[in-house]
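Here is how the chains run, residue by residue.
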Amino acid sequence: MNAPRRAVYAGSFDPPTNGHLWMIRRAQAMFDELVVAIGNNPDKKSTYTLEERQAMLAEITTEFPNVRIAHFSNRFLVDFADSIGAKFVVRGIRTASDYEYERSMRYINADLQPDITTVILMPPREFAEVSSTMVKGMVGPHNWQKTIRRYVPDAVYRKIMADQGEQPVVP
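Residues numbered from 1 in each chain as written. Predicted model: local features only at pLDDT ≥ 70, side-chain atom pairs only at ≥ 80, totals over all residues. Heavy atoms only, no water.

Caption draft 1: Main features of the nonpolar core. Judged by nonpolar contacts, the single largest core of 34 residues is most densely connected at Tyr9, Ile24, Leu34, Val36, Leu57, Val90 and Ile160. Every residue in contact with Tyr9, bar those within four places of it in the chain, is listed here: His20, Met23, Ile24, Leu34, Val35, Val36, Ala37 and Val90. Within the second largest apolar cluster, 14 residues are counted, among which are Ala37, Phe80, Ala81 and Ala86. (Core = buried A, V, L, I, M, F, W, Y, C linked by side-chain atoms within 4.5 Å. Buried < 20%, exposed > 50% of the residue type's maximum accessible area, 1.4 Å probe, protein only. Contact = heavy atoms within 4.5 Å.)

Below you can see the structure in the form of structure tokens.
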């Protein structure tokens, strides 16, 4: 019997965006199992705790029975993938600079774990400019509540609103 085709989609997910959800939706359809892994990036200061990010990801992925949430720190993504038996790493590119970065990382990852294949997905235009950093930067100015709603899944929107002591805005 063949082993399940397992992939890892990693990021900081601080917070998860509609772009992340698009990537998860596409990737889980391509593989038997998708592990959405929260990586610890020492160059980034997280707004949300690991537990909060895990909870948000768990809530927005309930419709996908083949998705599980995990986390890793102090190791290379491909080493984490290898440790859980994943043969694929899913990455997204939004811009030319993302492409250059991911291209370089693909070669480095192949040096470290030659049996792991990098799969690159390009989200549609409406998600190309959306990042967690952008979403966090929108909180505060007049009408921010309506603005960020279009960029994050409902569960994430409710969490952000609650953290700010706000009531969700009905669309």
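Caption draft 2: The sheet that holds strand β3 (residues 67–72), seen in detail. Overall, parallel pairing links the 5 strands, which are arranged β3-β2-β1-β4-β5 in an open sheet. The two strands at the open ends of the sheet, each matched to only one other strand, are β3 and β5 (117–121). Strand-to-strand, the axes of this sheet are offset by a mean angle of 30 degrees, without reference to chain direction. Across 6 bridges, the pairing between strand β1 (residues 6–11) and strand β2 (residues 33–39) is parallel. (Pairing = 2+ DSSP bridges. Helix = DSSP H or I, 4+ residues; strand = E, 2+ residues; numbered from the N terminus. Axes fitted to C-alpha atoms, helices over the stretch in contact; angles between N-to-C directions.)

Caption draft 3: Layout of the pattern of salt bridges. Summed over the entire model, instances satisfying the criterion amount to 11 salt bridges. With its nearest N and O atoms 2.7 Å apart, the salt bridge here joins Lys159 to Glu52. Of the two residues, Lys159 is situated in helix α8 (residues 154–163) and Glu52 in helix α2 (residues 50–60); the sequence distance between them amounts to 107 residues. Of the charged contacts in the structure, one is a salt bridge between Arg103 and Glu100, with a shortest N-O distance of 2.8 Å. Here the residue Arg103 and the residue Glu100 both occupy positions in helix α4 (residues 96–112), the gap between them amounting to 3 residues, near one helical turn. Its relative accessible area of 32% is what places Arg103 among the partly exposed residues. (Salt bridge = Lys/Arg side-chain N within 4 Å of Asp/Glu carboxyl O.)

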